[in-house]
Number of protein chains: 2
Amino acid sequence: MTNTKTISTENQRPAVTVDVLVFTVMDDQLMVALIKRGIAPYKGSWAIPGGFVHLDESLEEAARREIEEEAGVTDVFLEQLYTFGNPKRDPRMRVVTVAYYALVPGNRITLAAATDAAEASWFPVSKLPPLAFDHQDIMQCAIERLKSKLEYSNIAYSLLPPRFRLSDLQKVYEVILGTPLDKRNFRKKILSLNLVEATGKMDTGGAHRPAQLYRFKKRKMIVFS
Amino acid sequence: MTNTKTISTENQRPAVTVDVLVFTVMDDQLMVALIKRGIAPYKGSWAIPGGFVHLDESLEEAARREIEEEAGVTDVFLEQLYTFGNPKRDPRMRVVTVAYYALVPGNRITLAAATDAAEASWFPVSKLPPLAFDHQDIMQCAIERLKSKLEYSNIAYSLLPPRFRLSDLQKVYEVILGTPLDKRNFRKKILSLNLVEATGKMDTGGAHRPAQLYRFKKRKMIVFS
DNA sequence: TGAATAGTGTCTTTCAGACAATATGCC
DNA sequence: GGCATATTGTCTGAAAGACACTATTCA
């Protein structure tokens, strides 16, 4: 039996990377940040941004570094998704990638193209281009996680600005779950969960009745019992 | 920006291991398989069994190999849990470990001590010894996952023999969740889920009324809506 | 006053949880 | 007959889901 924690003398080890799926809700759509690969393999294909884990940083630190380089934001919601390690997933060498997903508030985050990337861009998850490597699998895994976590946690807070209308919150749920929701039932449910509170300020300026602005009581993840 | 999938010329890479938490229900307790470390660091401490990922095998294959070496069983329920990569988690070198958990039917699985392990043994999760490395964190993560997955999937099938009494199934739930359950409500719930069916055979031999033996209709994981 | 969105309540159905008595086989 | 476990149903409260009208602001 190969045993736990023997010091490895093998000189061949897998490379370890992190890939980060950055999601946001913009223009009533769930969007994800992708980069266009500037080098082979899959040159010209779109891919999930990622990079090597440095020897002195944790996996989460590596993921946060990627997000900051890509989107210029810190302090975003970030959660480990799954680790992909099929021996053939990268044709060049053995790469084990730890996938993370991040959620950023909608609008006004400009993506930066990475060193080896020709371009970086937001895509609606409903209209994704073909993706490099096994990134289609990773994407699907992330979308499933996001959908289910939305239903039993308060992670929606990380997709909204500090103050928002209940209709904004409802839109986040509708766009991610892909179904319209009944306004009365939605509000009843959200308010009974006691996660948000009215700020007293109104959203004025639309050609219609102003809406109460709400905020999340806690801006960290809470999983419902 | 360090970019996706540039060929690494770094000669220093983390080691990649898999650790596998093998659970079973025995003697009305949730048990986990541990090994006693035969080498430093943590020599003499109990640890979660694991080992290096070979370059030509997937992460899951590595995990299944470990289970077969440790417990001599194949074809068990196995699911990836989480990846632990803190730079300091192993004092010797950088080790990224992909943790898996496995579920095996109760009783009569004999553990084999690994090459570098002095011993292998089952422990009730309620009375664990101090664990090596960050294995306490990994253990807690696994137990939480097991508890929650038990409630919204049919994974209990993997902890029971092909035929079982409903009271056996109830015991599995009680032991893992750590609470007694009402017999009538439990049976009502399980039967309404339509996951099990009566085999027509009875469990005879006890000094009491024989019980109907049931089986799971599907022996693969189903996640409830 | 018309357009656009905000805000609100009832009824029905379903599910979870509390709760106790009878049935059957073995000794 | 006594012991040990199997088997079964009702009631209540909570939550989910269907469903439509009035309120308010601005142009």
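In case you missed it, the structure is sitting above this.
Before going into details, it helps to say that this report is about the structure given with it. Just so it is clear, the structure is predicted and the values come from calculations on it, not from any experiment.

Notes on the protein's contact with DNA strand C
No. 1: In the vicinity of DNA strand C there are 24 residues, among which S167(A), R184(A), R187(A), R209(B) and P210(B) approach most closely.
No. 2: Expressed as a percentage, the sugar and phosphate content of the atoms of DNA strand C within 4 Å of the protein is 39%.
No. 3: Between DNA strand C and K188(B) there is a distance of 3.0 Å, counted from a base oxygen to a side-chain nitrogen or oxygen.
No. 4: One nitrogen or oxygen atom from the side chain of T204(B) is found 3.5 Å from a phosphate oxygen belonging to DNA strand C.
No. 5: Counting only elements with at least two residues in the surface near DNA strand C, the list comes to α4 (183–193) and β10 (211–216) of chain A together with α4 (183–193) of chain B.
No. 6: Element by element, the count of residues in the surface near DNA strand C is highest for α4(A), at 5 residues.

Quick notes on helix α3 (residues 166–177) of chain A
No. 1: Relative to the 16 Å expected for 12 residues at 1.5 Å per residue, α3(A) spans 16 Å between its end C-alpha atoms, a close match to the ideal helical length.
No. 2: Turning to α3(A), its buried residues are L166(A), L169(A), Q170(A), V172(A), Y173(A), E174(A), V175(A), I176(A) and L177(A).

Details of the sheet that holds strand β9 (residues 196–203) of chain A
All names here are of chain A.
No. 1: Strand order across the open sheet formed by 3 strands is β8-β10-β9, with antiparallel pairing between neighbours. Looking at the sheet topology across the chains shown, the edges are occupied by β8 (164–165) and β9.
No. 2: As defined by bridge partners, β8 adjoins β10 across 2 bridges and the pair is classed as antiparallel. Considered in β10, the bridge of F164 is made with Y214.

What to know about the protein's contact with DNA strand D
No. 1: Not every one of the 23 residues close to DNA strand D is listed here, only the nearest: H208(A), R209(A), S167(B), K183(B) and R187(B).
No. 2: Atoms of DNA strand D within 4 Å of the protein: sugar and phosphate make up 42%, bases the balance.
No. 3: Taking R184(A), its side chain carries an N or O atom lying 3.4 Å from a base nitrogen of DNA strand D.
No. 4: N185(A) is positioned such that a nitrogen or oxygen atom in its side chain is 2.9 Å from a base nitrogen of DNA strand D.
No. 5: Residue assignment for the surface near DNA strand D shows that the elements contributing at least two residues are α4 of chain A together with α4 and β10 (211–216) of chain B.
No. 6: Examining the composition of the surface near DNA strand D, we find that 5 residues originate from one element, α4(B), more than from any other.

What about unusual backbone geometry?
Negative phi characterises most residues that are not glycine, and trans characterises most peptide bonds.
Residues and elements named next belong to chain A.
No. 1: The omega torsion across A40 and P41 is -5 degrees, close enough to zero to call that bond cis.
No. 2: By the element assignment, P41 lies in the loop between β2 (29–37) and β3 (46–47).
No. 3: In this structure, D28 is a non-glycine residue whose phi angle is positive, near 55 degrees.
No. 4: Take D28: it is sitting in the loop between β1 (15–26) and β2.
No. 5: Positive phi values are uncommon outside glycine, yet F133 reaches one of about 50 degrees.
No. 6: You can see F133 is positioned in the loop between β7 (117–124) and α2 (135–152).
No. 7: Judged by relative accessible area, F133 falls into the buried class, the value being 11%.

What about the packing of α2(A) against α3(A)?
Residues and elements named next belong to chain A.
No. 1: One way to put it is that α2 packs onto α3 with a least axis distance of 9 Å and a crossing angle of 145 degrees. As for how α2 packs across α3, the hand of that crossing is left-handed. On α3, the residues that touch L146, K147, L150 and E151 of α2 are V172, Y173, I176 and L177.
No. 2: Counted by class, the contact of α2 with α3 contains 6 nonpolar, no polar and 2 charged residues.

The rules behind the values
- Residues numbered from 1 in each chain as written.
- Chains lettered and ligands numbered in written order.
- Predicted model: local features only at pLDDT ≥ 70, side-chain atom pairs only at ≥ 80, totals over all residues.
- Heavy atoms only, no water.
- Near = heavy atom within 4 Å.
- Polar contact = N/O pair within 3.5 Å; in protein donor to acceptor, adjacent residues only side chain to side chain.
- Helix = DSSP H or I, 4+ residues; strand = E, 2+ residues; numbered from the N terminus.
- Expected span 1.5 Å × (residues − 1).
- Buried < 20%, exposed > 50% of the residue type's maximum accessible area, 1.4 Å probe, protein only.
- Pairing = 2+ DSSP bridges.
- Axes fitted to C-alpha atoms, helices over the stretch in contact; angles between N-to-C directions.
- Left-handed = near helix turned anticlockwise from the far one by under 90°.
- Contact = heavy atoms within 4.5 Å.
- Nonpolar A, V, L, I, M, F, W, Y, C, P; charged D, E, K, R; others polar.

Read these as geometric descriptors, not functional statements.
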